[in-house]
Amino acid sequence: MKEQNQHCQKNSYKKVGYDLKLLIIDQIQNAQISINHASDKYQVSRASIYYWLKKYSTLEQKKQGMSKKDEIKKLKEKIEELEFVKDFQQDIIADMELITGVDMAKKSLPKTLADEIEKKKLNRSKENG
């Protein structure tokens, strides 16, 4: 009977400079790469990447002067922008439904959005007489 003395081979990782750490963090935060893929690609342990994410993410926010108030303001602006886009898209759908007579919204959108479009159609019908 043979004894198997096979030990798990430990991965050897290299030292990573500050700029490369920030690049890896940026790629992960922008969903360009996963943590597992970054670990394989750059030969860095996942534990190190998690540590950098925790450490340098807050450092970058501080460097950019992103306070909680600034972050909230930025998010509110993004919400306003998205609401504008949603309203614009609903207006287009309502117009198309009035022109074609086909209820696209009821067939393909969630009930709340379809109801909003139906209200817009009614308002447009009243405006046009």
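For the structure given in this document, a descriptive report is provided here. (Residues numbered from 1 in each chain as written. Predicted model: local features only at pLDDT ≥ 70, side-chain atom pairs only at ≥ 80, totals over all residues. Heavy atoms only, no water.)

### Some details on a nonpolar patch on the surface
Part 1 of the reasoning: A cluster of nonpolar side chains, contributed by Phe 84, Val 85, Phe 88, Ile 92, Met 96, Ile 99, Val 102 and Met 104, occupies part of the molecular surface with about 760 Å² of accessible area.
Part 2 of the reasoning: With respect to the helices and strands, the residue Ile 99 is situated in helix α4 (residues 68-100). (Patch = residues over 30% accessible without salt bridge, like charges linked within 9 Å, V, L, I, M, F, W, Y side chains within 5 Å. Areas by Shrake-Rupley, 256 points an atom, 1.4 Å probe, with all protein chains shown as cover. Salt bridge = Lys/Arg side-chain N within 4 Å of Asp/Glu carboxyl O. Helix = DSSP H or I, 4+ residues; strand = E, 2+ residues; numbered from the N terminus.)

### Here we look at the packing of helix α1 (residues 18-29) against helix α2 (residues 35-42)
Part 1 of the reasoning: Between α1 and α2, whose axes approach to 10 Å, the crossing angle comes to 150°. Taken together, the axis directions place α1 and α2 in an arrangement best described as roughly antiparallel. With respect to the hand of their crossing, α1 and α2 are arranged in right-handed fashion. Every residue of α2 that contacts α1 at Leu 20, Leu 23, Ile 24, Gln 27 and Ile 28 is listed here: Ile 35, Ala 38 and Tyr 42.
Part 2 of the reasoning: A class-by-class count of the residues in the contact of α1 with α2 yields seven nonpolar, one polar and no charged. (Axes fitted to C-alpha atoms, helices over the stretch in contact; angles between N-to-C directions. Parallel < 35°, antiparallel > 145°, perpendicular 65-115°, else oblique. Left-handed = near helix turned anticlockwise from the far one by under 90°. Contact = heavy atoms within 4.5 Å. Nonpolar A, V, L, I, M, F, W, Y, C, P; charged D, E, K, R; others polar.)

### Some details on the pattern of salt bridges
Part 1 of the reasoning: Enumeration over the complete set of coordinates arrives at 10 salt bridges.
Part 2 of the reasoning: Put simply, Lys 86 and Glu 116 hold a salt bridge, and the shortest N to O gap is 3.2 Å. A residue pair is termed long-range when its members are at least 10 positions apart, and Lys 86 in helix α4 and Glu 116 in helix α6 (residues 111-128) qualify at 30 residues.
Part 3 of the reasoning: Relative accessible area serves as the criterion here: at 31%, Lys 86 is assigned to the partly exposed category.
Part 4 of the reasoning: In this structure, Lys 120 and Asp 91 form a salt bridge, with 3.0 Å as the shortest nitrogen-oxygen distance. Of this pair, Lys 120 sits in helix α6 while Asp 91 sits in helix α4; the two residues are 29 residues apart in sequence, bridging distant segments of the chain.
Part 5 of the reasoning: Residue Asp 91 is classed as partly exposed on the basis of its relative accessible area, which comes to 23%.
Part 6 of the reasoning: Because the salt bridges share partners, they merge into one network encompassing Asp 87, Asp 91, Asp 95, Lys 120 and Arg 124. (Buried < 20%, exposed > 50% of the residue type's maximum accessible area, 1.4 Å probe, protein only.)

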